[in-house]
Amino acid sequence: MRVRFVGLLALGCVLTLILSFSGAGNGQSQTTNGPFGTSLSEAERDLLNEINQARANPQVYATYLEKLKPLFKGKQYTTPADIALTTQEGWSAVEDGIKFLRAVKPVAALSTSEGLRLAAIALSKDQGGAGTTGHKGTDSTMIEQRVKPFGTWQGGIGENLAYGNESARERVLTWLIDDGFPSRGHRTRLMSADYKVAGVSCGPHPEFQIMCVLTLAGGFVESVRTQTTTQPNSNANSNKAMTTTQVNSNANSNKTTTTTAVNSNTNGNSNKAKPTTKKGKKP
């Protein structure tokens, strides 16, 4: 399955080194408030906040990408550690991302949706246990089917996936570059005003160490099953909130630290990238 996800692999690895080298990761995150925001883990909140930072400040994120130019030569990207990597498109994909960010208008922050979050959890738990990748679950469901038990989406619905133990900013920049994906679906969804709500789940993956699932929609009506209800506690004066929907799975041990992304549209199709090769250290 690795071949399906190598389109952004090189840039994902590179961004880890570049951002720490250039100090681009020192920006402040914007807090996003939503009805279920407190249910997110720190990593999930960081990713959603980073996405909302990019939506609010596209010009700033264009400058992050511009810092990468001196390290490109054709399709080859040489890291500060002198590791040569071959990308799908080279600097042209980064330049395309810069032009897009310079032209796009800021858009409102995404709110959180519990139903979309539960749909994201379903896939991350599934793949964390099975070690699989891609938008199709082990039960052959796609995002459109996974979300149905938790509510009804409005407008469009989409899904971005990222694999690898990287920071929230590195994941977002990789999606904004979208190397190897001609439709630039990751980038478009992140910066589109048509998407107003999102769900995020990050969890362990046996091959890529960490995976994150981002689900987005124009709107989402939560089903009764996803609502938080209260029940009296006979041993205390306060009530305990109970969530009626849970998704369970096992997660295996982690192995690698690479980052990549895959693209899903409302028709359930995903973009496949050509293999990206990695060269050893230069002499």
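Please read all numbers here as calculations on a predicted model, not as lab measurements. (Residues numbered from 1 in each chain as written. Predicted model: local features only at pLDDT ≥ 70, side-chain atom pairs only at ≥ 80, totals over all residues. Heavy atoms only, no water.)

## Details of the overall build of the protein
In step 1: Across its full length, the protein carries eight helices and 11 strands.
In step 2: Of all intrachain contacts in the protein linking residues separated by at least 6 positions in sequence, the fraction that spans at least 24 positions is 76%. (Helix = DSSP H or I, 4+ residues; strand = E, 2+ residues; numbered from the N terminus. Contact = heavy atoms within 4.5 Å.)

## Focus on the pairing of strand 7 (residues 209-222)
In step 1: Buried residues dominate strand 7, accounting for 12 of its 14 residues.
In step 2: The pairing of strand 5 (residues 151-163) with strand 7 spans 11 bridges and is classified as antiparallel. Bridge pairing in strand 7 places Ala162 opposite Cys212.
In step 3: Here nine bridges tie strand 6 (residues 197-205) to strand 7, and the two strands are oriented antiparallel to one another. The partner of Ser201 across the bridge, within strand 7, is Val213.
In step 4: In textbook terms, the turn of a hairpin is the stretch between consecutive antiparallel strands, and for strand 6 and strand 7 this stretch comprises three residues. (Buried < 20%, exposed > 50% of the residue type's maximum accessible area, 1.4 Å probe, protein only. Pairing = 2+ DSSP bridges.)

## Topic: the packing of aromatic side chains
In step 1: Considering all chains together, one arrives at four aromatic pairs under this definition.
In step 2: Between Tyr61 and Tyr64, the ring centres sit 5.0 Å apart and the planes meet at 70°, which makes this aromatic pair edge-to-face. With Tyr61 and Tyr64 both in helix 3 (residues 58-66) and three residues apart, the pair spans about one turn of that helix. Comparing Tyr61 with Tyr64, the two get one shared label, buried. (Phe/Tyr/Trp six-rings, centres within 6.5 Å; stacked < 30°, edge-to-face > 60°.)

## Observations regarding the nonpolar core
Looking at soluble globular proteins, one finds that nonpolar side chains tend to be buried together.
In step 1: Leu47 and Leu176 are the most contacted members of the largest nonpolar core, which totals 35 residues.
In step 2: Of all the secondary structure elements, the ones that give two or more residues to this core are helix 2 (42-56), helix 3, helix 4 (91-103), helix 7 (168-177), helix 8 (185-191), strand 6 and strand 7.
In step 3: Counting residues per element, this core draws most heavily on helix 7, at six residues.
In step 4: Contact partners of Leu176, with chain neighbours within four places excluded, come to Ala54, Tyr61, Gly97, Leu101, Arg187, Leu190 and Met191.
In step 5: Within the second largest apolar cluster, 11 residues are counted, among which are Leu116, Ala119, Ile143 and Ile157. (Core = buried A, V, L, I, M, F, W, Y, C linked by side-chain atoms within 4.5 Å.)

## Let's talk about the pattern of salt bridges
In step 1: According to the stated counting rule, one finds seven salt bridges in the structure shown.
In step 2: Across the pair Glu89 and Arg184 runs a salt bridge whose closest N-O atoms are separated by 2.8 Å. Of this pair, Glu89 sits in the loop between strand 3 (83-86) and helix 4 while Arg184 sits in the loop between helix 7 and helix 8; the two residues are 95 residues apart in sequence, bridging distant segments of the chain.
In step 3: Across the pair Arg184 and Asp96 runs a salt bridge whose closest N-O atoms are separated by 3.1 Å. Taken together, the residues span a long stretch of sequence, with Arg184 in the loop between helix 7 and helix 8 and Asp96 in helix 4 at a distance of 88 residues.
In step 4: The exposure class assigned to Arg184 is buried, which follows from its relative accessible area of 10%. (Salt bridge = Lys/Arg side-chain N within 4 Å of Asp/Glu carboxyl O.)

Honestly, it's all geometry; don't read function into it.
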